[in-house]
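# Fold and contact review
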Amino acid sequence: MKLELINLTKRYGNFTALDHVNITFTEGITGILGANGAGKSTMMNLLTDNIPRTEGQILFDGTDILKLGRDFRSVLGYMPQQQGYYEHLTAQTFLSYMADLKAIPKKQAREEIEKLLEITNLSDVRHKKLGGYSGGMRQRVLLAQALLGDPKVVILDEPTAGLDPKERIRIRNFISSLSRGRIILLATHIVSDIESISDQILMMKHGHVVGVDTPWNLTDSVAEKVKELPCAPEELKAIQAQYKVGNVFQRQGQTWVRVVGDELPTGGQYVPDHLTLEDVYLYYLGE
Amino acid sequence: MQELRRIGSNRRLILGLVLILLVNGFLFVREQRVQDYGLNMELPNASMVLLGDTFTTVQEPVDPGAAYQRYLNWLDRVRGLSLPDAASMLEREKTDLAAKFAGDTDTEEDHLDYVAVQTLQAQIQYLAGYGDRLANIQRNKENLLTFSLFNDTDSFAGRNIIKTAEEFEALQGVALTLGAGGAVDALLTFPLSDYCLLLVLLGTVLSFLEERKAGLWSVVHASPRGRLRLAVRRTAILFSVSVCGVLLLHGTDLALGFSLYGGAQDLHRAVQSVEALGMLPVRTTVTGFLGQYFLLRIAAAFFVGLLLWLLLAAVHNVKYTVLVAAGVLAIEYSLYTFLPVQSAFNVLKYFNLFSYISLSALYTNYLNIDLFGYPVGIRNIAETALVPLCLLLASLCLTVQCRKKPAAGRDLLGRAAYRFNGITDWVLCRLPLMGMELHKTLWIQKGIVITALLAYGVSHLSYTANIPLFSSVEEAERQYTATLAGPITEDTFAEMDAIQDQLDQVLQDYEDAKTAYADGQLSDAAYNLQTYNASAARTQSEGLAAVRSRCVDLQMLGAQHGFTPWLLDETPFLSVYGSRAQVNQQQAALLALLALTLLLAGSMACERQSGMTTLLRSTAQGRGTLLRRKFLLTVLATTFVWGTVFGTELYTLLSHFSISGWGAPARNLSMLEEFPLNCSLSVWLALLYGYRWLSLLCCGVLALLLSSCFQRMETACIGTGIVLLLPSLLYAYLGVQVLRPLAVLLPVQTMPLLLDHNGAVSEAVTWTAALLGLSAACSVWRLVGEGLPRSLSETA
């Protein structure tokens, strides 16, 4: 099972949101990283055929998704970034309605809804109207609807936004457990969410793919690019202007900075054992 | 200022206000027309006839607008005269006019004069009798106090009699004068403005609570100016809205009233000169009354606004505010409307929110209620209590605004609501996709309210029009038509011949009686009876001749077009579908269009407003299937609206008239002589209602598809209304002929396309083609846009 993007391009007038993207997604979790405006949501909208493409193809197992139409949508689970919901419906009715739209038989839908409400920790509030839910609760309902019908392709745009750490871990682990036999695309700003569960990470910048690799290869690739060094508070501004600065922290009464880049200041020390995906993000995608 | 700016920038509120003002003004003018500008329209030649199963007064129509102008002319002529002189002048005129009616020489001008004169006479009669009325109150006091039941002056009854007499004694010697009082009358008897004002106040108060809905209550409450200062400003805003609301709504009514009823020149008169205010025991002029009335209206509006604010602000959970408001208003309205005046709890009737909403009743009715054994006037209670109540409520509102903690509320109804939702969930989860679409239309898009309003509107529609009889010959013709109804055969003519023979015999008997009478062989009474019979026989003979002529015409027409001639009583059809019923049909069609527009305009926009579009489109059935369900919903909604509006019309036809001859060819009806098909009446009716259904369905499909062009339900309703309703309204009510090709009212109404003989059929065909073509094209466009159904895509 594979999902191929071939020369995929989307232009809004003169602005190119996605520029001849070529990539193949296979089974497992692909984390998509990119700053705002990098083209992540455009790609998601093209994958779900919510906007018309300008050029290129999206093939699911060799057939264009436009040709597959409903057949592709019946294996698709999508959670959009913007929370769309009917505030007058309860979580249970909303999920049931979405199950209907996904053409899931009623009996199967009831079982799946039960299970997903448990997983998303919404069982006790299932009869509460969505209008009365907090942002995090709505996020969980939307995630639950995306997972209805055992979809083969799951597209999750910021699934853990607004969740508390405990819920995030719970949901993250659940998504991780789903990865076998599915293509899961997970776009997020929270780097730690994809760091531990992604099989591969796609990095996007200005509508281009700037890198695709496994998380450990990506962190290895920046081993010689990250340094920590002490810094006088009055020098901080100058360092920030000259280098890509990650964390600024206090250690033993001194201010330290974590600097990422090809050219690093003299002094300080490399941290090959403590590299994170944030360093990768900053190195590849930081301005 | 920021708070005012925030509320002022609430587009929904401002749009609603503008809409309310327009609707209020439009309905005010319409109401005056419906009420014939307060004129007594009865002519002396009016008669009661059995129309269907009910007796109805029929007379020649009189244009109320022209009659009111004539009334003003007559008013100018008698204005300078004393009341007795004016009365005798009008009496002379009326006698002259009555003679014209008796001699059958009356003209349309005479009708206008007659209506104007008799209205003025009634007015003069009231003014002249007012002194007697006051004296009567004093006499009643003396008389009643002699009865043992009332002579205890320490009881409520005794005190009430004395108080009433004392208050009206102050009016002794008040000089009432003749003038045009229609504007003040109209202002006092148009309750819609009161309810519109209530809506404006409710909207304003709800806008105060927006911070709760938006989750900003804690932020506002924690800010330095978010408590007392904000509350004071909101109180000031509520007062300003009360002032502006009263001036805009009731001020508009008064201004429109002055323009309709001949200006504001008679405002210096004693207020009792206006008949509606005859029971107001206050010495003042109409101007003085209007000043006092508007001030009290503003204070009452402020009071109502404060009360609503207090009630809604006191409810912690914003979800229940509307529920609480509706509950309180329903209880208050029930007490105000249904509690009998004699009830021991009648204080609740008059010390009631709706006493302040329907303020006019305090001035047009004189009533004292029992307050601890003392009679207190309902007007006095309302006026005296108003200022202290406003102050009390304002301070309570300020306290609630300052002291109510955003995070401290207990959701008392929450648990019950959760359980209730559990039950509804059980039902909703078992509904198919179509059922959920219906649920969304009824509850999310508030279709249930529109349905209720439609039912209310239909219950107020009139489906039958009077078909006047201008002479006894016409009456006889109608009777013979009913008697001889059926296929026109030789037997019909034979039957007519037989009747004619009987009538001839009566005439012959009369001739014999005349001779006998001349010879002195017949008494006066017997001769008079013969004369009367002969006169009736002549009339009936003329009526029968008209029926015979109609039969001959129908035979020729039938031979020409190949249908069986049939004699039919056309009254039921003329009454329901004829040209005189066009206004009824226009209103019914407009109501159907309005209901359909409101039911369907939010259908697609609701998905966008709730941000669901992308999610729906990513599901297997969220495109073509969902759209097809929405089309099906359109068919259902159309059928429901059509059934409610036009089904009631058909029911009216069938229940009010006993119709025989459903199998008669439709072209036998004079109004359908040009109808292109040879079909029976029942088939014609099926075609008529089918065509209306189809036209409505096309409008429904257009409303559905137009809905997808809008982001919000409100704008979708307005936009769809502009496309589907505005051209029809402008064409129907303002006569803008250039909009006729866009007035979808015509195909929905259908009959104007059939009654207008000038190319009517081709216009009906054009309309059908245009509507079907447009809705089909739009549907295909949407279906293609949403993705082809799987079967088609597989073929492709």
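Scoring rules and cut-offs
Per-chain numbering applies: the sequence of each chain, read as written, is numbered from 1 onward. Here every chain gets a letter starting at A, and every ligand a number starting at 1, in the order they are written. Thresholds applied to this predicted model are a pLDDT of at least 70 for local features of residues and 80 or more for the giving and counting of side-chain atom pairs; totals over whole chains, interfaces and linings are not thresholded and use all residues. Here the side-chain values reflect all heavy atoms present in the structure, with hydrogen atoms and water set aside. An automatic or database domain assignment is the source of the domain bounds shown. Should any heavy atoms of two residues lie within 4.5 Å, those residues are counted as being in contact. Using a 1.4 Å probe, buried area is obtained as the accessible area two parts lose upon being combined, added over both of them. Salt bridge criterion: a side-chain nitrogen from Lys or Arg within 4 Å of a carboxyl oxygen from Asp or Glu. Only DSSP runs of H or I with at least four residues qualify as helices, and only runs of E with at least two residues qualify as strands; both kinds are numbered from the N terminus onward. The classification used treats Ala, Val, Leu, Ile, Met, Phe, Trp, Tyr, Cys and Pro as nonpolar, Asp, Glu, Lys and Arg as charged, and all other residues, Gly among them, as polar. For cavity detection a 1 Å grid was placed over the protein atoms alone, and a set of points counts as a cavity when a 1.4 Å probe fits there but cannot get out; an open set counts as a pocket when protein lies on both sides within 12 Å along at least five of seven lines, with lining residues being those that have an atom within 4 Å of a point. Grid points are joined across faces, edges and corners, and a volume is the space filled by probe spheres set on the points. Buried means the residue's accessible area, taken with a 1.4 Å probe over protein chains only, is under 20% of the maximum for its type, while exposed means over 50%, and partly exposed covers the values in between. Pairs of N or O atoms within 3.5 Å make up the polar contacts considered here, provided that, within protein, one atom can donate a hydrogen while the other can accept it, and that residues adjacent in sequence are counted only when both atoms are side-chain atoms. Pairs of strands are assigned from DSSP output, requiring at least two bridges between the strands. Helix axes are fitted only over the stretch in contact, all axes being lines through C-alpha atoms; the angle between N-to-C directions runs from 0 to 180 degrees.

### Topic: the domain arrangement of chain B
All names here are of chain B. Split into domains, chain B comes out as domain 1 (2-33 + 181-408), domain 2 (38-169), domain 3 (434-464 + 574-788) and domain 4 (486-567). Look at where the C-alpha atoms of domain 1 and domain 2 centre, and you get two points 34 Å apart. At the interface, 22 residues of domain 1 touch 17 residues of domain 2. Summing the contributions of domain 1 and of domain 2, the shared interface buries around 1,800 Å²; its carbon and sulfur component is 51%. Summed over the shared surface of domain 1 and domain 2, the result is one salt bridge. Taking the shortest distance from any N to any O, the salt bridge between Arg-79 and Asp-266 comes out at 2.5 Å. Of all the secondary structure elements, the ones that give two or more residues to the side of domain 1 that touches domain 2 are strand S3 (368-371) and strand S4 (374-377). Taken together, the residues of the side of domain 1 that touches domain 2 sort by class into nine nonpolar, nine polar and four charged.

### Some remarks on empty space enclosed by the protein
Residues and elements named next belong to chain B. Evaluation of the coordinates by the stated rule reveals four cavities of 30 Å³ or more. Computed from the structure, the largest cavity encloses a volume of approximately 80 Å³. Along the wall of the largest cavity there are 15 residues; nearest its centre are Leu-362, Asn-365, Tyr-366, Leu-367 and Arg-379. Breaking the lining of the largest cavity down by element, the ones donating at least two residues are helix H6 (156-169), helix H16 (360-364) and helix H17 (378-403). Residue contributions to the lining of the largest cavity peak at three residues, all from H17.

### A word on the pattern of salt bridges
Applying the stated criterion to the full structure yields 34 salt bridges over all chains. Two residues, B:Glu437 and B:Lys630, come together in a salt bridge whose shortest N-O distance is 2.9 Å. Placement of B:Glu437 in helix H19 (residues 433-444) and of B:Lys630 in helix H28 (residues 624-656) is noted, with a sequence separation of 193 residues between them. By relative accessible area, which is 1% here, B:Lys630 ends up buried. One connected set of salt bridges, linked through shared partners, spans A:Glu228, A:Arg251, A:Arg258 and A:Asp279.

### What to know about the interface of chain A and chain B
How large an interface is tends to be reported as the accessible area lost when its parts come together. Taken together, the contact between chain A and chain B spans 39 residues of the former and 35 residues of the latter. Together, the buried faces of chain A and chain B total about 3,300 Å²; carbon and sulfur atoms form 57% of this surface. Run the count over chain A and chain B and you get one salt bridge. Seen at the junction of chain A and chain B, the total is 24 residue pairs in polar contact (both at pLDDT 80 or more). At the level of secondary structure, the elements contributing two or more residues to the side of chain A that touches chain B comprise helix H3 (70-73), strand S6 (76-79), helix H4 (91-101), helix H5 (106-119) and helix H6 (135-146) of chain A.

### Regarding the sheet that holds strand S1 (residues 2-12) of chain A
All names here are of chain A. Spatially, S2-S1-S4-S5 is the arrangement adopted by the four strands of the open sheet, whose pairing is antiparallel. Both edges of this open sheet fall to strand S2 (15-26) and strand S5 (63-64), since each of them pairs with a single strand only. Bridge count for strand S4 (residues 55-60) against S5 is two bridges, and the pairing is antiparallel. Within the sheet, the bridge partner assigned to Leu-59 lies in S5 and is Asp-64. Each of S1, S2 and S4 touches helix H1 (residues 40-47); the most contacted strand, S1, lies at about 115° to it.

### Examining the pairing of S4(B)
Residue and element names in this part refer to chain B. Here S3 runs beside S4; their pairing, made up of four bridges, is antiparallel. Looking across to S4, one finds that Leu-371 is bridged to Tyr-374. The antiparallel hairpin formed by S3 and S4 contains two residues in its connecting segment, where Phe-372 sits at a positive phi of about 55°.

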